[in-house]
Amino acid sequence: MKRALAVVLLLAAVAVTGCGMNGQESILDKDKLVIGVRSDLPSVGFRTSEGGYDGFDVDVARYVAGKLGKEFSFVGVLAADREKVLSSGRADMVLATFTIDQDRKQRVLFAGPYHISYQDILSRKDERIADVRDLEGRRICEVQGSNAAQRVVTERGVAARVVPVRDYAQCLTALKGGQVDAVTTNDVILAGLAEQDGSGLRLNNAQFNEQRTGVGLPKGDVAGCEAVNRAITAMYQDGTAAELLKKWFGKSGLQLGTVAVPQFEGCS
């Protein structure tokens, strides 16, 4: 009798915790999701004059939440905040130019990627910069929480001078004022900055260092990750991904190339 009671209690415990991960609630268990998006990047993720959010990443977030059948709200994040909002529980998902790399994967579970882009270079038109080697000895912005400038130095072996700033607005001010010579990061970020600024800055289309932009989730939510991957696949197959890329970057001069379902990283 005692053994039968123990089995019943064990099964009840499994039923209570089965939807989560080690007692942690999955995004699939929630009726409403809080999604972290950038608030500072034109065409990618930005705060509107009405107080909402818009941009490519924001539209992707809307699509994914819709496919998951979830209500949602947004919280604005800067580059340095992306991991913090997940670990603190302030956000359930993050779609905020979150490049997948091995270091971040120790702390964040990534679905996707939902977009493959390249690192590029934004400069003044009077600067002769054709490729990453031309950054040798030049001053380049590094936004807090981004590793793009360091990748030029460490991965490409280019002895550029890294100038740390808080955000891309400061980067643009420094670039136009001559305090730095170039800004380097994801090409979609640079395309949005250049298009909004309209002062004649040049996107060089240097295209180096593939950038795999993913959806950040709390570690352990494998079921949620797999569901997001299915939503991303549908977004490419039904043509939405191509429409969104054209909507936000079609007039920016960014080379979009072939729009195809990215190869996923896996949810482990």
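Bear in mind that the values here come from a model prediction, so they are computed numbers and not experimental data. Counting of residues starts from 1 at the beginning of each chain's written sequence and follows it residue by residue. Predicted model: local features are reported for residues with pLDDT of at least 70 only, side-chain atom pairs are reported and counted for 80 or more only, and whole-chain, interface and lining totals are derived from all residues. Hydrogens and waters are ignored; side-chain quantities use all the structure's heavy atoms.

This part is about unusual backbone geometry. Here the amide bond leading from Gly-112 into Pro-113 is cis, since omega sits at 20 degrees, within 30 degrees of zero. In this description a helix means any DSSP run of H or I spanning at least four residues, a strand means any run of E spanning at least two, and both kinds are numbered starting from the N terminus. Position of Pro-113 relative to the elements: it lies in strand E7 (residues 109-123). The phi angle at Ser-43 is positive, at roughly 70 degrees, despite the residue not being glycine. Tracing the backbone through its elements, the reader meets Ser-43 in the loop between strand E2 (40-41) and strand E3 (45-47).

The quantity called pLDDT is the predictor's confidence in a given residue, expressed from 0 to 100. Of the residues in the protein chain, 91% reach a pLDDT of 70 or more, and the chain-wide mean stands at 87. Between two residues, a contact is recorded if the distance between any of their heavy atoms is within 4.5 Å. Scored below 50 in pLDDT, residues 1-21 shows ten contacts in the model against residues more than four places distant or in partner chains.

This brings us to the packing of aromatic side chains. We call Phe, Tyr and Trp rings a pair once their centres come within 6.5 Å, taking the six-membered ring for Trp, and we label the pair stacked below 30 degrees between planes, edge-to-face above 60, and tilted otherwise. Following the criterion strictly, the structure yields six aromatic pairs and no others. Between Phe-56 and Tyr-114 the ring centres are 6.5 Å apart and the planes differ by 40 degrees, which places this aromatic pair in the tilted class. Taken together, the residues span a long stretch of sequence, with Phe-56 in helix H2 (residues 56-68) and Tyr-114 in strand E7 at a distance of 58 residues. Throughout this description, buried means an accessible area under 20% of the type-specific maximum (1.4 Å probe, protein chains only), exposed means over 50%, and partly exposed covers the range between. For Phe-56, a relative accessible area of 4% puts it in the buried group. For Tyr-114, a relative accessible area of 0% puts it in the buried group.

Turning next to the pattern of salt bridges. By convention in these notes, a salt bridge is any Lys or Arg side-chain nitrogen within 4 Å of a carboxyl oxygen on Asp or Glu. Inspection of the entire model under this criterion finds 17 salt bridges. Here Asp-92 ties to Lys-30 by a salt bridge, and the two come within 2.4 Å at their closest N and O atoms. Here Asp-92 is found in the loop between helix H3 (82-87) and strand E6 (93-95), whereas its partner Lys-30 is found in the loop between helix H1 (2-17) and strand E1 (32-38), with 62 residues between them in sequence. A residue is classified by how much of its surface remains accessible, and Asp-92, at 7% relative accessible area, is buried. In this structure Lys-30 comes out as partly exposed when scored by relative accessible area, which is 22%.

The positions UniProt marks with the feature "domain: Solute-binding protein family 3/N-terminal" (unreviewed entry) are residues 32-252. With 33% helix and 30% strand, the stretch residues 32-252 has end C-alpha atoms that lie 34 Å from each other. UniProt positions are given in the numbering used here, feature names are shortened, and annotations may be inferred rather than shown by experiment.

Now for the nonpolar core. The nonpolar core is taken to be a set of buried Ala, Val, Leu, Ile, Met, Phe, Trp, Tyr and Cys residues, with the residues joined through side-chain atoms within 4.5 Å. Met-93, Leu-122, Val-215, Leu-217, Val-228 and Phe-249 are the most contacted members of the largest nonpolar core, which has 56 residues in total. The residues contacting Val-215, other than those within four sequence positions of it, are Met-93, Val-94, Leu-95, Leu-109, Phe-110, Ala-111, Tyr-114, Val-228 and Ile-232. Counting residues in hydrophobic clusters, the runner-up holds twelve residues, among them Ile-121, Val-132, Val-158 and Ala-160.

As a further point, take the side chain of Arg-151. Among the structural elements, Arg-151 can be located in helix H4 (residues 148-154). For Arg-151, a relative accessible area of 14% translates into the label buried. Every residue in contact with Arg-151, bar those within four places of it in the chain, is listed here: Gln-119, Arg-156, Asn-209, Glu-210 and Gln-211.

This next bit is on the sheet that holds E3. For two strands to count as paired, DSSP must find a minimum of two bridges between them. Read across the sheet, three strands follow the order E2-E3-E4 without closing on themselves; strand pairing throughout is antiparallel. Each of the sheet's edge strands pairs with one partner strand only, and the pair in question is E2 and strand E4 (53-54). Direction of pairing for E2 relative to E3: antiparallel, over a ladder of two bridges. The residue of E3 that forms the bridge with Leu-41 is Gly-45.

Quick look at the packing of H2 against helix H8 (residues 240-249) now. Following both chains from N to C, one finds H2 and H8 inclined at 155 degrees, their axes separated by 10 Å at the closest point. As judged from the angle between their axes, H2 and H8 are roughly antiparallel. Between H2 and H8 lies a crossing of right-handed hand. In this structure, H2 contributes Phe-56, Asp-59, Val-60 and Tyr-63 to the contact, and H8 contributes Thr-240, Leu-244, Leu-245, Lys-247, Trp-248 and Phe-249. Residue polarity follows a fixed list, in which Ala, Val, Leu, Ile, Met, Phe, Trp, Tyr, Cys and Pro are nonpolar, Asp, Glu, Lys and Arg are charged, and the others, Gly among them, are polar. For the contact of H2 with H8, the class distribution of residues is seven nonpolar, one polar and two charged. The axes used here are C-alpha line fits, helices contributing only the stretch in contact, and every angle between their N-to-C directions lies in the interval 0 to 180 degrees. Angular relationships are summarised with four words: roughly parallel below 35 degrees, roughly antiparallel beyond 145, roughly perpendicular across 65 to 115, and oblique for the angles in between. Helix crossings fall into two classes, left-handed where the near helix is turned counterclockwise from the far one by less than a right angle and right-handed where it is turned clockwise.

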